[in-house]
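Secondary and tertiary structure notes
Take a look at the letters that make up each chain.
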Amino acid sequence: MNLHEYQGRNLFKAAGIPMPDGDVASSPTEVEAIARRLGGTVVVKAQVHAGGRGKAGGVKLAKSPAEAAEAASRILGMQIKGLTVQKVLVVPAADIASEAYAGLIMDRESQRPVFMVSAAGGIDIEEVAAKTPEKITRLAVDPRYGLLPHQAQTLAFTLYSDINQVRAAARILEQLYQVFTGNGASLTEINPLVTTPDGKVVALDAKVVIDDNELDRRPDLAALRDESAEEPSEVAARRANLTFIKLEGNVGCVVNGAGLAMATMDLVKYYGGEPANFLDIGGSSNPEKVVNALKIITADPAVKAILFNIFGGITRTDDVANGIVAALKQFKVDVPIVVRLTGTNEAEAFKILESIGMKALSDMDEAVRAVVKLVKEAA
Ligand code: GDP
Ligand code: MN
């Protein structure tokens, strides 16, 4: 789960990371009041779950409360990477002497939290990683010991030569590690970590991604979810207890089990198609889940055909068939559906589908080839 900058800032501040004060607002009038209270030049920043807000015009300096209100009226409602800006953060502007990058991610390869720091911060770190990877220093942390003081210092020395700044940065890296482990984050990132002309080291941005598996035991973090800023189909799927990820293709997929879902997407691609989503209806079969799955998939105008791939074990294929029948009674599905099912109660499932004129398949290759052919004909 992504946090907004203004939410991430609260976690950073609680850990002691130095950041300018500020406040969040959703109208130019509120922004004007905050700017007046802060005094001096402020920065008005779009709060959306996307990086590169600066480049997109979502971060603006304002010299007066009136200018801040004006900047807010331009930023609020703006689209950044397809997301509408509904809130802005207002902070006092810092004078910047240098911009660095400090990030911590959960690395699957080393199975450890890995720090990445670079004196080349501020801009796209992805670009630095691609073009000048030698400018990024990495360090995998052994979670049994945490970030040791000498490790934090070694990293800080790659950013600064002034000893006071090195010490300040080392402390910030330790605090960044605390935010990470203390909140079950999969990413905590400061970009830019700046120095001011008077030599202070300050974080000017806060990015935090919380591992979804953490949310059940941390209702305080779960409450930070902003559904209005998320992909609507993913919100609907989460509410229906389905594991769903929207993708770019046009073959809607309904599958039981994550492994089979991955194999299905691979096979769709193998036969020249592109999956429109990853969707796992889970192990237990409940016709209601199938109805919800079809609702979510058919809401995507990109979907040109739908493939069911069900391997009946604990999942009863007749339940899935009943779900399809129930869904088609409830709402109209304009795209063709190919059903492949095999396993528990398959004879009954085939009969149920035949009763509404659908002929299910039992071979997976045959079903995938059929659905790919259908989307190609539709195009
Ligand atoms: P992002 O582009 O979405 O990562 O947004 P950031 O919060 O990182 O801001 C983008 C850029 O705006 C930073 O790299 C800075 O160059 C600039 N910026 C942000 N805050 C300040 C500030 O307080 N003062 C100044 N002068 N520039 C700022
Ligand atoms: Mn940033």
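Here we summarise the structure given alongside this text. The structure displayed is predicted, hence computed values, not measured ones. (Residues numbered from 1 in each chain as written. Chains lettered and ligands numbered in written order. Predicted model: local features only at pLDDT ≥ 70, side-chain atom pairs only at ≥ 80, totals over all residues. Heavy atoms only, no water.)

1. Considerations on the nonpolar core
In a soluble, globular protein the nonpolar side chains are often hidden away together inside. To keep it simple, the criterion reads: Among buried residues, those of type Ala, Val, Leu, Ile, Met, Phe, Trp, Tyr and Cys that are joined through side-chain atoms within 4.5 Å constitute a nonpolar core. Using a 1.4 Å probe on the protein chains alone, a residue whose accessible area is under 20% of its type maximum counts as buried, one over 50% counts as exposed, and one in between counts as partly exposed. Helix and strand assignments follow DSSP, with helices taken as H or I runs no shorter than four residues and strands as E runs no shorter than two, numbered in order from the N terminus. Two residues qualify as a contact provided that any one of their heavy atoms is within 4.5 Å of a heavy atom in the partner residue.
Counting 39 residues, the largest nonpolar core has F12, I17, F115, Y160, I190 and L193 as its most contacted members. Contributions of two or more residues to this core are made by helix 1 (5–14), strand 7 (98–107), strand 8 (112–118), helix 5 (149–159), helix 6 (163–182), strand 10 (185–195), strand 11 (201–203) and strand 12 (207–210). At 10 residues, helix 6 tops the list of elements feeding residues into this core. Contacts of I17, omitting those with residues within four sequence positions, involve F12, I172, Q175, L176, V179, I190 and A203.

2. What about the packing of aromatic side chains?
What counts is decided by this rule: Planes of paired rings set the category: under 30 degrees apart is stacked, over 60 is edge-to-face and the rest tilted, where pairs are Phe, Tyr or Trp rings (Trp by its six-membered ring) whose centres lie within 6.5 Å.
The full count for this structure, using the stated rule, is 2 aromatic pairs. Both rings, one in Y270 and one in Y271, keep their centres 5.0 Å apart while their planes meet at 80 degrees; by these two values the pair is edge-to-face.

3. Re the pattern of salt bridges
Put simply, the test is: A carboxyl oxygen of Asp or Glu within 4 Å of a side-chain nitrogen of Lys or Arg is what we treat as a salt bridge.
Inspection of the entire model under this criterion finds 25 salt bridges. For R74, the salt bridge is made with E70, and the minimal N-O distance between the two is 3.2 Å. You can see R74 and its partner E70 sitting in helix 3 (residues 65–75), 4 residues apart, about one turn around the helix. Residue classification places R74 among the partly exposed residues on the basis of a relative accessible area of 47%. The salt bridge partner of D334 is K332, with a shortest N-O separation of 2.6 Å. A cluster of three or more residues bridged by salt bridges with shared partners is formed by D212, R225, E227, E230, R238 and R239.

4. Brief notes about the site of ligand 1
Applied cut-off: We define proximity as follows: a residue is near a molecule or strand when any one of its heavy atoms falls within 4 Å of that partner. Think of a polar contact as two N or O atoms within 3.5 Å of one another; within protein, one of them needs to be a possible hydrogen donor and the other a possible acceptor, and neighboring residues in sequence only count if both atoms come from side chains. Only the protein chains shown count as covering a residue, and every accessible area follows the Shrake-Rupley method with a 1.4 Å probe. When residues are sorted by character, Ala, Val, Leu, Ile, Met, Phe, Trp, Tyr, Cys and Pro go into the nonpolar class, Asp, Glu, Lys and Arg into the charged class, and all the rest, Gly among them, into the polar class.
Neighbouring ligand 1 are 15 residues; K45, R53, G54, A94 and E99 lie closest to it. One of the backbone nitrogen or oxygen atoms of A94 is found 2.8 Å away from an oxygen atom of ligand 1. D205 is positioned with one of its side-chain polar atoms (N or O) 3.2 Å from an oxygen atom of ligand 1. Protein coverage of the free-state accessible area of ligand 1, which is 560 Å², stands at 80%. Going through the elements one at a time, strand 2 (42–46) and strand 10 are the ones with two or more residues in the shell around ligand 1. Tallied by class, residues from the shell around ligand 1 come to 7 nonpolar, 4 polar and 4 charged.

5. Examining the packing of helix 10 (residues 287–298) against helix 11 (residues 317–330)
For clarity, the threshold we go by: Fitting a line to C-alpha atoms yields each axis, with helices limited to the stretch in contact; the angle taken between N-to-C directions then spans 0 to 180 degrees. Convention used here: angles under 35 degrees read as roughly parallel, angles over 145 as roughly antiparallel, angles from 65 to 115 as roughly perpendicular, and any remaining angle as oblique. Note: crossing handedness is left-handed where the near helix turns anticlockwise from the far helix by less than a right angle, and right-handed where it turns clockwise.
Relative orientation of the contacting elements helix 10 and helix 11 amounts to 50 degrees, with a least axis distance of 7 Å. Classed by the angle they form, the pair helix 10 and helix 11 counts as oblique. Along this stretch, helix 10 crosses helix 11, giving a crossing that reads as right-handed. For the pair helix 10 and helix 11, the contacting residues are P287, V290, V291, L294 and K295 in the first and D319, V320, N322, G323, I324, A326, A327 and Q330 in the second.

6. Digging into the pairing of strand 8
A regular strand places its side chains on the two faces of the sheet in alternate fashion. What counts here: Pairing between strands is defined by DSSP: at least two bridges between them are needed.
Of all 7 residues in strand 8, 6 are buried; the element is thus mostly enclosed. Pairing analysis gives 7 bridges linking strand 7 to strand 8, with the strands arranged antiparallel. Paired with A102 across the strands is V117, a residue of strand 8. Linking two consecutive strands that pair antiparallel, namely strand 7 and strand 8, is a turn of 4 residues; a positive phi of about 55 degrees is found at Q111 within it. As judged from the 4 bridges shared by strand 8 and strand 9 (residues 137–140), these two strands associate in the antiparallel manner.

7. Some details on the coordination of the manganese ion (ligand 2)
Rules: Only nitrogen, oxygen and sulfur atoms qualify as donors, provided they sit within 2.8 Å of the metal or within 3.2 Å for Na, K and Ca; with water excluded from the atoms, sites may seem incomplete.
Note on the manganese ion (ligand 2): its protein donors are N191 (O) and D205 (OD). The metal-donor distances range over 2.1 to 2.2 Å. Of the two residues, N191 is situated in strand 10 and D205 in the loop between strand 11 and strand 12; the sequence distance between them amounts to 14 residues.

8. Re the pairing of strand 14 (residues 251–255)
Summarising burial for strand 14: 5 of the 5 residues are buried, a large majority. Burial along strand 14 is two-sided: the residues V251, C253 and V255 and G252 and V254 are all buried. In the sheet, strand 14 pairs with strand 16 (residues 305–312) via 5 bridges, with the strands oriented parallel. Of the residues in strand 16, the one forming a bridge with V254 is F308.

9. Quick word on the side chain of T317
Residue placement: T317 occurs in helix 11. You can call T317 buried: its relative accessible area is 0%. Once residues lying within four places of it in the same chain are set aside, the contact partners of T317 are I310, G312, L341, T342, G343, T344, N345, E346 and A349.

10. Describing unusual backbone geometry
Leaving glycine aside, a negative phi is the common case for residues, and trans is the common case for peptide bonds. Residue N191 is joined to P192 through a cis peptide bond whose omega torsion reads 15 degrees. Counting through the fold element by element, P192 comes out in strand 10. The backbone of K81 sits at a positive phi, close to 50 degrees, despite the residue not being glycine. The residue N345 is not glycine, and still its phi comes out positive at about 60 degrees. As for its placement among the helices and strands, N345 is situated in the loop between strand 17 (337–343) and helix 12 (346–354).

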